[in-house]
Amino acid sequence: MVESKEEAKERIAELRKEIRYHDRKYYVEDDPEISDYEYDMLMEELKELEERYPDLVTPDSPTQRIAPMDTVQFQGVEHKTPMLSLDNTYNHDELKEFHERVCRGLGVDDVEYVMELKMDGLGVALLYGNRLLERGATRGDGVMGEDITTNLKTIRSIPLKLTDETVLSDIEVRGEVYMPRDEFDAMNEERLKKGEEPFANPRNAAAGTVRQKDPRVVAERPLDIFVYHLSHHPDVELKTHRECMDELRKAGFRVNENKAKVSGIQEALDYIDHWEDKKKDLNYEIDGIVIKVNDLEHQERLGATSKHPRWAIAYKYPAVRKTTVINDIEVQVGRTGKLTPVAILEPVLLSGTTVSRASLHNEDEIERKDVRVGDTVLVEKAGEIIPQVVKVIAEKRDGSQKIFEMPRECPICGSRATRLEDEVARRCVNAQCPAQLKQRLEYWGSRDAMDIEGLGPKLLGKLVDKGAVKSIADIYRLGKIQLVSVERMADKSARNILKAIEGSKEQGLARVVQGLGIKYAGKRAANVLAENYGTLDSIMEANRNELEEIDEIGPKIAESIVSFFEDERNREMIERLKEAGVKMEAEVEEAERFLEGKRFVLTGALESFTRDEAAEIIERHGGRVTSSISGSTDYVVVGNNPGSKLDKARGLGITVLDEDEFGKIIEERYLSV
Ligand code: IVH
């Protein structure tokens, strides 16, 4: 029995070490040494001691894998090194070209490669500092990902602390989170029994799970990980990719056993052929093979393009193709009024999922492929998610097939559907079209935008049909009675939705801009606009030239933004959103609030800002602007003809900044004076 706190501390350390060891044996090496019962006893003892001495709990303790619900936040985070994706190919000749490029680049005749399986899950980056897991993030756009640490911690094969066997300590590691096939099947069976919707495939299940808001749910789902890349390892001398992987294994990570060192392209191709046949026997899905130059110095010399490293490539196995029949062609109306023809297929099983619809994209595409209702077609699913109609099997025609004509009217509201000269799409001209409205509302509430849980397509559809919601702004006027009356739902669900709507007001500018669904302005553009302008008002006032001056905003996006805000209906809707209290300012990071607590007085005419703009900038960074100078004023910013305030400031010994100095401070986010 442990008596004193000192003893408890020692025992806690021992228990943690032992549990970590057994976790690794069980979850990483698949070679357990003790029974589940014995393991549970160790865990129980640790939990009891930690309950008795809460101040001895540390975040890396094995008891801390499941975070309390209220601590979960998926914030945007910048990756330590950009998370590049791999260039990929489906054919052997392109692989040979890759090999030739590598040889040419290095000035050698042959190169050593490492062949690895390309796991089909979702890529994550794990950051360790001082051996402790600090952060886990999704790939996102490669530069910024989403912080999903709390969920990743529930995966027992991710060490919360690196072992003592490794020299690694401050590192960034990349890996693939996935769901084993057998566990996926068992989970889906359970879901069906409970009347829940089954997941389409293991990859969707894994991707959906890591973004779950409740870590307890995540902990129950059978996620696992393989790591495959050490992207940051300062101060540690490693020469090859293989050495990195060995070191990661020593550090406690799960590294896939199925890999080979090959020299030259023929051996690489043989390896690919070998797995094409064998991949069905694995307990996880792979969609190809990754070929990596082994020597790290070679990797560095080859470098990367803006998207892919030049030292690696993924060979993807060809898509699974099957024939089926097109029973009908439906026309869907999207958020921007675009009409999309969709083939309704006789359901077929394609690499694990039943496919019953496939987009036909637009009328030109239908004409090009000569797709008719009743045709037998070849469909494929290219490893990824979206099924495609590859071609018509013309020999199967019996004369009953019907040529499809794209409607000239919107199938939902009956308004004209026109085709602009330089567009392939036909669009419904009625901005009030209920189909467009439903999609816009859904987009506004979606995870990437305002993230309003519970406000799904079904509910929105009913709200629109009943006339309760006619614009995005109406979402903020919904009350419990309306919700309960359109869809029979429990009081509690209605309350939760209203709470989510209320909470969404604080999402900040980038998400608001994205939620507006301006054509061509996706997530990246929304972030860039929010960063550059800080408030929605400033974005609305920007003209085309100004917008185009921003690095990542091209003429097409700029024009779309301007015309969106020119539309009186949009301006009015934004006004109503503001009135409802939707925050329209950019989130400024703690570090950016470098003027916190500082008081400013502005005087004289400034040239590059209006007074209001300067005040807004100061306030955004945490400072305050007052009109008169006093002993508590920290800075006076002077423009032309400052008048008496300048003398007063000097008299009181207050720091005076001219416009250039002020501009520099803001730009550098640093108070140098
Ligand atoms: S290496 C800088 N190795 O495939 C190189 N990726 O675009 C980083 N993937 O985003 C990637 N298995 O999510 C690598 N053995 C493997 C992989 C692998 C699966 C994923 C990864 C990446 C995507 C390719």
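As a reminder, the structure under discussion sits directly above these lines.
If you're wondering where the values come from, they're calculated on a predicted model, not measured in any experiment.

Colleague: Residue-level account of the overall build of the protein, with values.
Modeller: Across its full length, the protein carries 24 helices and 24 strands. Across the protein, contacts joining residues at least 24 apart in sequence account for 68% of those joining residues at least 6 apart. Surface accessibility of the protein: about 34800 Å² in total, with carbon and sulfur atoms responsible for 46%. The protein carries 101 positive and 131 negative side-chain charges, and their two centres are separated by 4 Å.

Colleague: How would you summarise the sheet that holds strand β4 (residues 122-129) if you had to cite specific residues and measurements?
Modeller: Spatially, β5-β4-β7-β8 is the arrangement adopted by the four strands of the open sheet, whose pairing is antiparallel. The sheet is open, and its two borders are formed by β5 (132-138) and β8 (224-232), each paired with just one other strand. Recorded for the sheet is a direction-independent mean angle of 30 degrees between the axes of neighbouring strands. Bridge count between strand β7 (residues 171-178) and β8: seven bridges; the pairing is antiparallel. Within β8, the residue paired with R174 across the bridge is H229. Running at roughly 125 degrees to β8, helix α8 (residues 241-250) makes contact with β7 and β8 of the sheet.

Colleague: Report on the packing of helix α12 (residues 434-445) against helix α13 (residues 457-465), specifying residues and quantitative values.
Modeller: The N-to-C vectors of α12 and α13 enclose an angle of 135 degrees; their axes lie 10 Å apart at closest approach. When the axes of α12 and α13 are compared, the pair comes out oblique. You can see that α12 and α13 cross each other, and the crossing is right-handed. Between α12 and α13, the residues in contact are P434, L437, K438, L441 and E442 and P457, L460, G461, V464 and D465, respectively. Class assignment for the residues of the contact of α12 with α13 results in six nonpolar, one polar and three charged.

Colleague: Tell me what's going on with helix α24 (residues 659-668), and back it up with residues and numbers.
Modeller: Residues of α24 that are buried include every one of E659, F662, I665 and I666, and no others. Buried residues in α24, looked at end-on, bunch into an arc of 125 degrees, giving them a common side. Facing away from the buried side of α24 by over 90 degrees, the exposed positions are D660, K664 and E667. Lining the buried residues of α24 we find β21 (599-603), α22 (611-620), β23 (635-638) and β24 (655-658).

Colleague: Before we move on, could you go through the sheet that holds β21 and cite the residues and values that matter?
Modeller: With parallel pairing, the four strands of this open sheet are ordered in space as β22-β21-β23-β24. Looking at strand neighbours, the two that pair on one side only are β22 (624-626) and β24, the edges of this open sheet. Ignoring strand direction, the axes of neighbouring strands in this sheet form an average angle of 35 degrees. Inspection of the sheet shows β23 paired to β24 by four bridges, in the parallel sense. Among the inter-strand pairings, Y635 is bridged to a residue of β24, identified as T655. In this fold α24 packs onto β21, β23 and β24, with an angle of close to 90 degrees to the strand it touches most, β24.

Colleague: Report on the side chain of H22, specifying residues and quantitative values.
Modeller: Considering the arrangement of structural elements, one finds H22 in helix α1 (residues 5-28). Classification of H22 as buried rests on a relative accessible area of 9%. Once residues lying within four places of it in the same chain are set aside, the contact partners of H22 are E33, I34, Y39 and L42.

Colleague: So what's going on with unusual backbone geometry? Residues and values would help.
Modeller: With a phi close to 75 degrees, R131 is a non-glycine residue in the positive phi region. Its location among the elements puts R131 in the loop between β4 and β5. Given the relative accessible area of 21%, R131 is considered partly exposed. Backbone geometry places Y520, a non-glycine residue, at a positive phi of 70 degrees. By the element assignment, Y520 lies in the loop between α16 (509-516) and α17 (523-533).

Colleague: Residues and numbers for the environment of I148, please.
Modeller: For I148, the location among the structural elements is in the loop between β6 (144-146) and α4 (149-152). With relative accessibility at 0%, the residue I148 sits in the buried group. Sequence separation of I148 and G515 is 367 residues, and the distance between their C-alpha atoms is 22 Å.

Colleague: Which residues make up the site of the ligand, and what values go with them?
Modeller: L86, E116, E176, Y228 and K292 are the nearest of the 13 residues found near the ligand. One of the backbone N or O atoms of L117 is found 3.0 Å from a nitrogen atom in the ligand. Contact between the ligand and Y228: an oxygen atom at 2.9 Å from a side-chain N or O atom of the residue. Elements represented by at least two residues in the shell around the ligand include exactly β3 (112-119), β8 and β10 (286-293). With four residues, the single largest contributor to the shell around the ligand is β3. For the shell around the ligand, the residue count by class is six nonpolar, three polar and four charged.

Colleague: Explain the nonpolar core to me, using residue names and the numbers behind them.
Modeller: Ranked by internal contacts, the top residues of the largest apolar core, which has 54 residues, are W444 and F565. Ignoring anything within four residues of it in the chain, the contact list for W444 reads A449, M450, D451, I452, I472, I475, Y476, V512, G515, L516 and L577. Counting 38 residues, the second-largest nonpolar core is a separate cluster that includes A206, V236, L238 and A251.

Colleague: Can you tell me about empty space enclosed by the protein, naming the residues and giving the values?
Modeller: One pass over the structure, following the stated rule, counts one cavity of 30 Å³ or more. Each pocket or cavity is described by its volume, and for the largest cavity that value is around 70 Å³. Contributing to the lining of the largest cavity are E116, L117, M119, F226, V227, Y228, M245, V255, N256, N258 and K259. Contributing elements (two or more residues each) for the lining of the largest cavity: β3 and β8. The residue inventory of the lining of the largest cavity, partitioned by class, reads seven nonpolar, two polar and two charged.

Thresholds, definitions, all that
Residues numbered from 1 in each chain as written. Predicted model: local features only at pLDDT ≥ 70, side-chain atom pairs only at ≥ 80, totals over all residues. Heavy atoms only, no water. Helix = DSSP H or I, 4+ residues; strand = E, 2+ residues; numbered from the N terminus. Contact = heavy atoms within 4.5 Å. Areas by Shrake-Rupley, 256 points an atom, 1.4 Å probe, with all protein chains shown as cover. Lys, Arg positive; Asp, Glu negative; His and termini not counted. Charge placed at Lys NZ, Arg CZ, Asp CG, Glu CD. Pairing = 2+ DSSP bridges. Axes fitted to C-alpha atoms, helices over the stretch in contact; angles between N-to-C directions. Parallel < 35°, antiparallel > 145°, perpendicular 65-115°, else oblique. Left-handed = near helix turned anticlockwise from the far one by under 90°. Nonpolar A, V, L, I, M, F, W, Y, C, P; charged D, E, K, R; others polar. Buried < 20%, exposed > 50% of the residue type's maximum accessible area, 1.4 Å probe, protein only. Arc of directions from axis to C-beta. Near = heavy atom within 4 Å. Polar contact = N/O pair within 3.5 Å; in protein donor to acceptor, adjacent residues only side chain to side chain. Core = buried A, V, L, I, M, F, W, Y, C linked by side-chain atoms within 4.5 Å. 1 Å grid on protein atoms, 1.4 Å probe; cavity = no way out; pocket = protein on both sides within 12 Å on 5 of 7 lines; lining within 4 Å. Points joined across faces, edges and corners; volume = space filled by probe spheres on them.

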